[in-house]
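Listed below, chain by chain, are the residues.
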Amino acid sequence: MRFNSKELCHLALEPEEKFDRIGHLWMKDKQDGIFKKGEVFMERWFKLRGNLLFYFKSKESSGDPIGLFVLERCAVELDLNEERPFSFVLVFEGEEKMQHLAAQSERDRDAWIQALHIASYECLQMQVQSLREQIRSKTGQDPMTMADSLEPSSNSRHASVSEEAALEICIACDGLPVDSMNLPPNPFVVVSTILPPQQTWVQHSHTEIVEKSVSPQFLTTIGFGDSRGVDLITRVRLTVHNVTERMTGTMTQIGEVIFTLTDVLSAPNSRLRLRLVSQDYRNAGCVTVMAWANDKNASPESQNLMERRPSKRLEMLKTLYENVVSKSFRFETTDGENLAVYEYMGESKLSFYIPQKLLKLWIEEEKLKIEELQNLGELAEHWDNRRKEMLSLHTSLISTYARCMRFVTSYEGEPINCMSVCGRVVMCHGPSFKPSAKKADKDLEFVPTNLHLHRLWVQNEATGKSGCFDTITSGAFTAYAHKYRNGGMKRLLQQQRESYSVDRSSGQSNKLSRGAEIVSDIRSLKEECVKRCDVLCHTAMQGSGAELKRSMAVLTDKVRQLIEVCNDPLLDETDKLYQEAKPDTPPVNTTSGRQSVPANMSIGQPELSPEKTWRWSGNEFVKSPTIEPWELTRLNTDAALVCIQTKVEDLTVRKNSPADQTMWLDDLNPAVFKLKSFLEVLTGRALTAITFLTLVENRDNIPLLHTVKYRRDVIFSHAVATLVAGFLTKLRHSITDEQFLRQLWKVGVLAEFEGLLSCHGDEIGMIEDMMVAVQDLSSISFRLEETSSVESDLPRIIPSRSGLIIKVPLSAGMAQLLPPELQRGHLIKVIPVFFNVGINEQATLAERFGDTSLQEEVNVEATSMLQLYYQTYVELVGDPDTDKTQADSLENLSRRLYYDVMTKKSKNVEILWIAAEMSRKLNGLRFTCCKSGKDRTSMGVTLEQTQILQQEHNLASHVFTQALDCFRSEGVRRDNTFKNTGVRKYAFNSLQLLSVPKLYRPPHGTFGNVQT
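None of the values given here were measured: they were computed from a predicted structure. (Residues numbered from 1 in each chain as written. Predicted model: local features only at pLDDT ≥ 70, side-chain atom pairs only at ≥ 80, totals over all residues. Heavy atoms only, no water.)

(A) Highlighting the pattern of salt bridges. Within this structure, the stated rule accounts for 50 salt bridges. K709 serves as the salt-bridge partner of E366, at 3.5 Å between the closest nitrogen and oxygen. One end of the pair, E366, is in helix α6 (residues 350-374); the other, K709, is in helix α15 (residues 702-733), with 343 residues separating them in the sequence. Of the two residues, E366 and K709, both sit in the buried class. In this structure, the salt-bridge partner of D713 is K709, at a minimum N-O distance of 2.3 Å. Of this pair, D713 and K709 both sit in helix α15, four residues apart, roughly one helical turn. The exposure class assigned to K709 is buried, which follows from its relative accessible area of 15%. Connected through salt bridges with shared partners, the residues E752, E754, R920, R926, E944 and E952 form a single ionic network. (Salt bridge = Lys/Arg side-chain N within 4 Å of Asp/Glu carboxyl O. Helix = DSSP H or I, 4+ residues; strand = E, 2+ residues; numbered from the N terminus. Buried < 20%, exposed > 50% of the residue type's maximum accessible area, 1.4 Å probe, protein only.)

See below:
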C-alpha cells in the first residue's frame, strides 16, 4: 500500500470535530520491554475518520499516533471468548490473526461496532450503489454520470469532439490558498454546465493539472457549442480542486464560481474576473475567464450564437479521415503573445481500402504463377513432385488471401464505447480503425495497426503567423501474428539468399535475382517491339519512305536489344536444365507430324506456349515434337527481323511510285506477322525457363519461399497503406506550394519513418520487418491524374514492371495547380528512410547486455540516404538554406546527424529529433511508430510538436514542460489510448519509466498497467 506518512500524521492530529468517532478502547497488544512476553489488553485513545482508525498511547499524547488500521476487507464481530468484558474483534481477509478490542460498556461497544462496520469504502460503495438505483428508478437518469472526475464523462464535450467549438474560454487563477503544511496546491478545474430550465448540472470538460502553483495559467481551452451555435444563457460552474494524489485521483475542493456565457462576452475585452468561494463560504482566491468566438458572425448582443460556419481545417481532413477529434490550447510565447494551438487526430479511410486492393492484386499474381507452373508441361517425376508442392503452396496463399480480403471488406469494427456529442452518437472506432488489441488477429493481419493522422495547427494571435504539421502514427510494420521464432523479414531473406546459387556470369547476385531482372527486361522490350511493329505498319499506310526507314531503325534497335537480353548465359543454362527435366519421349518424324500454325495466332495466346514449340519450315510455322536449340530460336527471330529490313529496303528503293506506295502495307504484313510470332516464341521460352529456374532454386526451400512471400506481403500492406495516407494528406495541404510540387517531379517525395523499437526480444524481429517494409516502398511511384468522377476520391493501384503505381485522383481545380510535368503523368518516386532508437527498459537491457548493431545499421543506412536526398534536392531544386551559419540550417543539421549516428551514446534520441527536423525542412512525410503506435508513439509525437512550437513559434521556455504534460494528459493521444484499450492511460509502469528518457515520460496519473 502506498501512503504518505506525513499527511497521515497531519490528518490524525486535526481537530476532534472532524472525526467520525473518538474514545478510549482496550487493545490487545504486545507489552513494551525486552523481558515482557505475550499480549495483554492496554488502554489506548482511538480516532476514527473514514476508513482510517488511528490510535494513540493516551488522550493527552501530543505526538504522532503509534498505529493505524485501514478498515478495508475486514469484518467486525463480537469476541466469543470474551477475555475481557465488552470485547469485539477485527477480522482481516487473508490473515489468521484477529485484532482484539474492548470497550468500557456494552453501549459503547455497540456504538463502536456500528461505526466501524460502515467505515469501509466497500460499505460506502454499497450504500452509494443503493442510492444510485433508487434515484435512477425515480428520475430515469444515472446521477453518477454527472459526478466530477479527472476523466471526461460521456457527456463531456472535451472527450472527443468531431467539430470545433463556436465559443472557447481559457481559465487562470490567482491567490489560491496553500495547505496546512504551507505547500502550494496542484490546481485542477472541472467545468460543469446547466441550460435553464434544466435543474441538473452536467460535467462539460476540465483543464489539466498544474503542479504546485497558487496562480496557475491553464493551457487547455474549454469549448462550447458546435456548427449549430451555442446558447449564451448557458450557466457555467468552475470548481477548482487541489489534486493531492494524481495516481488515485484524490483531491479536495478549493472553491467554485458560477457565471453565464453572456457575462463573459459582455465583460470588457471579454475578460471576466470572479472570486472563488470555498465550501465554508470563505474567499478562496480569484479566477479569470477570457472568451472568444471562433466565427465572425458570432455576436454577444444576440441571445444565441447561431449559423456557426464549419471549420475549413476539419472539413479538409474529413475527405481522407473519419472520426476526427480535436483539442484546443492557448500557450504563451517569449514575447508575451498568445498561440492558438489545435490538435487533430483521425482514422485514415485507407486503412482497410489499400489492403483490399493489394490482396486482389496478389491473388491474381498467385493465379498467374500457378498457370506458369502448369505451362511447364510434362516433367520427370522428381521435378513434378516439386511442382506439385509449389502449386499446393500457391493455392494455399490464394485461399488465405481470399479469406482475409472477405473479412477486411466486411469488417465494421467493434466500438469500445459510444459517446454522445452534441446530441449525436459518435463511435470511438469503426471500419477505418484496427485497434492494437487486434494486432495478432490473422483475419486482419494485412491491415495496419492503429493508423492515425496526428496534426498540429498553430497560429500566433498577434502576428497571424500560422503553421500546420502532420505526423502519421501507426504500429510497427510487422507480421505480429506470425511471431518471431525464426527472426524477422531481414533474417528470413538472408536465409533464403544463402540457399540460392550464384550467377557465375555476373558473380554478384544469385540466379533468381538475375532471372527477375531478365524477366523485367524481356517483358518491357517485348511490349516495345510489338508497339514498334504496329507503328511500322501505320507508317507504311502513310506512304512515306523516310518515315518508314526511321520506324524500321527504331524497331531494329528494340528487337536487337531483346535478342541480346535473351543471349544471357543464364537463360541458355536454364533452358538446357528444363529440357533435361522433360521425361524421355521417342523421336517422331517431323514431316509426318506437321501441323499448320493456327490462323488466329497472335500475341499472348496460349497456343504458342513453349511446351508446344513451333518452328519455321521455310514457308510456314509447324508444331514440332522435338525442341529446337535455344540459340536457333534467337537466330530465327533475328532472321525474321532481317526479312523485314530487306522488305523495307525493297519497298523504299524499287517500289516508291505513288501506285506502289498504296501496296506497302500488304507487302509488309506477312513479314511483320512472322516477326511477332517469333517474338512470342522467344519470350515465351525465356519466361518458361525462368519459371523452371524458380522451381530449381527453391526445390529444397519451398516452405521458406511460402513463409517469406506471406510475411513480406503482410508488412508491405501495412507500409503502403501508411505511406499513401501520408502522401495524400501532404499533397492536399501543399497543393498551392509551387516549390513542393516542383520537388515532387524533380527529386521525388521523402518519407521519413521514426521507430521507437528496442533491439531486444521480439522487437528485434519487428525492426527487421520494418527495415524490409520501408525499403520495399522504394518500388512505389505516384501518378497524379485529373478525374471528373465524384464517386470516389480514393487512389487506384496499378502493377508495373518495377513495382506499383498509385494513381491519385484530383479535381479539375487541383489538377490545374500542378506543373506541366505532373499534369502529363510524370511518375513521383518515393525515397523512404527509417531511423530507430529504443527508449524503454528493453533498450537498456540491449545496450548493457545485448547487441544494438541492428539499430546502428538502420541509422547509418538512413543517414546516408537522407544526405543523398538533400544533395540531390540542392542540385535540382535549389538550396533551401538562406543562411548556412545558423545552427538549424540543413547543412549543419546534416553534419550533426552524421556525428550523432557515428557516436555511440545510450538512447541517443537526438538522432530522431535531427532527422525529423531535416525531413520537415525538405517537405518530407513524417511517420512515427512503436509496437502498437500508442504509448511510446504518443510520447514521441507530443514531444516533437512541443519542440516545433518552441523552435518555430517562440513558445516560452518556462511553458515548455507544462505544455508537454498538457498535450499528454489532455490532448488527443489520451483518446488514442482509450480507443485501443478502453482505458485513458498509457501502458507504462513506474519501474519502466525509470529507464525512459525524461522527455519521453508521461505525467503522473496518466499511466498504469493496461493492455498493450
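(B) Seen up close, the sheet that holds strand β3 (residues 52-56). Spatially, the seven strands line up as an open sheet ordered β4-β3-β2-β1-β7-β6-β5, and their pairing is antiparallel. Two strands close off the open sheet at either side, each with one partner strand: β4 (67-70) and β5 (74-78). Adjacent strand axes in the sheet meet at a mean angle of 35 degrees, parallel and antiparallel pairs treated alike. Along the sheet face, helix α1 (residues 5-12) touches β2 (39-49), β3 and β4 and points at about 75 degrees away from the line of β3. Against the sheet, helix α2 (residues 106-117) contacts β1 (21-30), β2, β3, β5 and β6 (87-92), and its axis sits at roughly 95 degrees relative to β1. (Pairing = 2+ DSSP bridges. Axes fitted to C-alpha atoms, helices over the stretch in contact; angles between N-to-C directions. Contact = heavy atoms within 4.5 Å.)

(C) Focus on the environment of H394. Topologically, H394 is positioned in helix α7 (residues 381-410). Look past the residues within four positions of H394 in its chain and what remains in contact with it is E366, K369, I370 and L373. Engagement of the side chain of H394 in a polar contact is seen with the side chain of E366, the distance being 2.5 Å. (Polar contact = N/O pair within 3.5 Å; in protein donor to acceptor, adjacent residues only side chain to side chain.)

(D) Main features of a nonpolar patch on the surface. On the surface, Y121, L124 and V128 cluster together into a nonpolar patch covering about 280 Å² of accessible area. Secondary-structure assignment places L124 in helix α3 (residues 121-139). (Patch = residues over 30% accessible without salt bridge, like charges linked within 9 Å, V, L, I, M, F, W, Y side chains within 5 Å. Areas by Shrake-Rupley, 256 points an atom, 1.4 Å probe, with all protein chains shown as cover.)

(E) The arrangement of the environment of R235 in detail. In this structure, R235 sits in strand β13 (residues 235-245). R235 sits 25 residues away from T260 along the chain, and the two C-alpha atoms are 4.3 Å apart. Not counting residues within four places of it along the chain, the set of residues in contact with R235 comprises S192, T193, I194, P196, W201, I258, F259 and T260.

(F) Main features of the packing of helix α12 (residues 630-653) against helix α14 (residues 664-697). With their axes 9 Å apart at the nearest point, α12 and α14 run at an angle of 165 degrees to one another. Relative to α14, α12 is oriented roughly antiparallel. Note that α12 runs across α14; the crossing there is left-handed. In terms of residue class, the contact of α12 with α14 is built from 17 nonpolar, four polar and five charged. (Parallel < 35°, antiparallel > 145°, perpendicular 65-115°, else oblique. Left-handed = near helix turned anticlockwise from the far one by under 90°. Nonpolar A, V, L, I, M, F, W, Y, C, P; charged D, E, K, R; others polar.)

(G) Looking closely at the sheet that holds strand β19 (residues 338-348). As summarised here, the arrangement of the 10 strands in space is β18-β19-β22-β23-β31-β26-β30-β27-β29-β28, forming an open sheet in which the pairing is mixed. The open sheet has two free edges, formed respectively by β18 (321-332) and β28 (796-800), since each of these has just one partner strand. For this sheet, the mean angle separating the axes of adjacent strands, direction not counted, is 25 degrees. By the bridge criterion, two bridges tie strand β27 (residues 780-786) to strand β30 (residues 828-836) in an arrangement that is antiparallel. What sits directly across from S781, in β30, is K829. Along the sheet, helix α21 (residues 853-876) contacts β26 (749-755) and β30; its crossing angle with β30, the most-contacted strand, is approximately 145 degrees. Strand contacts of helix α25 (residues 960-970): β18, β19 and β22 (452-460), with the helix running at about 150 degrees to β18, the strand carrying the most contacts.

(H) Examining unusual backbone geometry more closely. Residues P196 and P197 are joined by a peptide bond in cis, for which omega reads 15 degrees. Within the secondary structure, P197 sits in the loop between β9 (187-194) and β10 (202-206). Although it is not a glycine, N269 sits at a positive phi angle of roughly 55 degrees. Summarising the element assignment, N269 is placed in the loop between α4 (261-266) and β15 (271-277). Given a relative accessible area of 74%, N269 falls into the exposed group. Phi is positive for Y281, which is not a glycine, with a value near 65 degrees. Mapped onto the elements, Y281 comes out in the loop between β15 and β16 (283-293).

(I) α12, seen in detail. When the terminal C-alpha atoms of α12 are compared, their 35 Å separation across 24 residues agrees well with the 34 Å that a helix rising 1.5 Å per residue should span. Those residues of α12 lying buried are W630, T633, R634, N636, T637, A640, L641, I644, V648, L651 and T652. (Expected span 1.5 Å × (residues − 1).)

(J) How the structure looks around the environment of M98. Turning to its location among the elements, M98 is positioned in the loop between β6 and β7 (99-102). Each C-alpha atom, one on M98 and one on F88, is 9.8 Å from the other, the two residues being 10 residues apart in sequence. Residues contacting M98, with those up to four places away along its chain left out, are V89, L90 and V91.

(K) A look at the confidence of the model for the protein. Scored by pLDDT, the protein comes out at a mean of 85, with 86% of its residues at no less than 70. A low-confidence stretch, residues 146-160 (pLDDT under 50), is modelled with 60 contacts involving residues beyond four sequence positions or located in other chains. Below pLDDT 50 for its whole length, residues 585-612 participates in 40 contacts with residues either more than four positions away or in separate chains. (pLDDT = per-residue confidence, 0-100.)

(L) Here's a closer look at the side chain of K327. You can see K327 is positioned in strand β18. A polar contact of 2.8 Å, which involves the side chain of K327, links it to the side chain of D975.

(M) A look at the packing of aromatic side chains. Using the criterion set out here, one finds 22 aromatic pairs in the structure. Here the aromatic residues W362, Y401, F446, Y710 and F716 are joined through ring pairs into a cluster of three or more. When the ring centre of F19 is taken as origin, the NZ or CZ atom of R49, which lies over that ring, is 5.9 Å away. A cation sits over an aromatic face here: K979 above F433, 5.0 Å from the ring centre. (Phe/Tyr/Trp six-rings, centres within 6.5 Å; stacked < 30°, edge-to-face > 60°. Lys NZ or Arg CZ within 6 Å of the ring centre and 35° of its normal.)

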